[in-house]
Amino acid sequence: MIAIVLVAGAGVAVSSVSLYEHFATSTSSFCNFSDTFNCDLVNRSQYSTVLGVPVALIGIVGYVLVAALATVYRNQAQAPVLLLIASLGGLGFALYLAYVEKFVLGAWCVLCLASLGLICIEVTLSVVATIRARQARA
């Protein structure tokens, strides 16, 4: 659970930088390397919000939810399964966004890719936590 919280903390940090970049008025940021790797293009596109809410803010909320499940609710019997469900939901959303970056926008955001990597780690850790919890009950 400690590893899950640490990865969630890194996710909050990455998503916070992405949220800052979403609202920044500068035309260049530290993660614009080329036309193919351009955070500004991705973070300010029409796909950077869902019903007016920035995707990065959704990421922050998701990572905080995962951290809460791994800390406040860690002793609950259903916590590992809830962690797995939450992290799989986050992974599904991140994969959708990666699809948009690759096939719609034609540009990648380094921050988004970092978040995708972190949520993949969260899923893996959640699977391990779920397996361990089931073994402990058996």
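This one's a predicted model, so the numbers in the text were calculated from it and none came from an experiment.

Participant: In this structure, what is going on with the overall build of the chain? I would like to understand it.
Facilitator: A count of helical and extended segments in the chain gives five helices and two strands. For the chain, the sequential pattern of α-helices and β-strands runs α-α-β-β-α-α-α. Summarising its shape, the C-alpha atoms of the chain cover approximately 55 × 25 × 25 Å along the three principal directions. For the chain, the share of sequence-separated contacts (at least 6 apart) that also reach a separation of at least 24 residues comes to 71%.

Participant: I'm lost on the environment of C109 in this one. Help?
Facilitator: Checked against the element boundaries, C109 lands in the loop between α4 (79-105) and α5 (110-137). On the basis of relative accessibility, which here comes to 0%, the residue C109 falls in the buried class. Sequence separation between C109 and S18 is 91 residues; the distance between their C-alpha atoms is 9.2 Å. Apart from the residues within four sequence positions on either side, C109 is in contact with C39, V42, N43 and E101.

Participant: Sorry, what's going on with the pattern of salt bridges here?
Facilitator: Two side chains carrying opposite charge are able to pair once their charged atoms lie near each other. Within this structure, the stated rule accounts for one salt bridge. D40 is the partner of R44 in a salt bridge, and the nearest nitrogen-oxygen pair spans 3.6 Å. Note on R44: relative accessible area 31%, which makes it partly exposed. According to the relative accessible area criterion, D40 is buried, its value standing at 8%.

Participant: What's the story with the nonpolar core in this structure? I'm lost.
Facilitator: The nonpolar side chains of soluble globular proteins are, as a tendency, buried together. With 24 residues, the main nonpolar core has I4, L83, L111, L116 and I119 as its most contacted residues. Elements with a minimum of two residues in this core: α1 (2-23), α2 (39-43), α3 (55-71), α4 and α5. Tallying contributions element by element places α5 first for this core, with six residues. Apart from residues no more than four positions distant in its own chain, L83 is found in contact with M1, I4, V66, L69, A70 and S126.

What counts, and at which threshold
Residues numbered from 1 in each chain as written. Predicted model: local features only at pLDDT ≥ 70, side-chain atom pairs only at ≥ 80, totals over all residues. Heavy atoms only, no water. Helix = DSSP H or I, 4+ residues; strand = E, 2+ residues; numbered from the N terminus. Contact = heavy atoms within 4.5 Å. Buried < 20%, exposed > 50% of the residue type's maximum accessible area, 1.4 Å probe, protein only. Salt bridge = Lys/Arg side-chain N within 4 Å of Asp/Glu carboxyl O. Core = buried A, V, L, I, M, F, W, Y, C linked by side-chain atoms within 4.5 Å.

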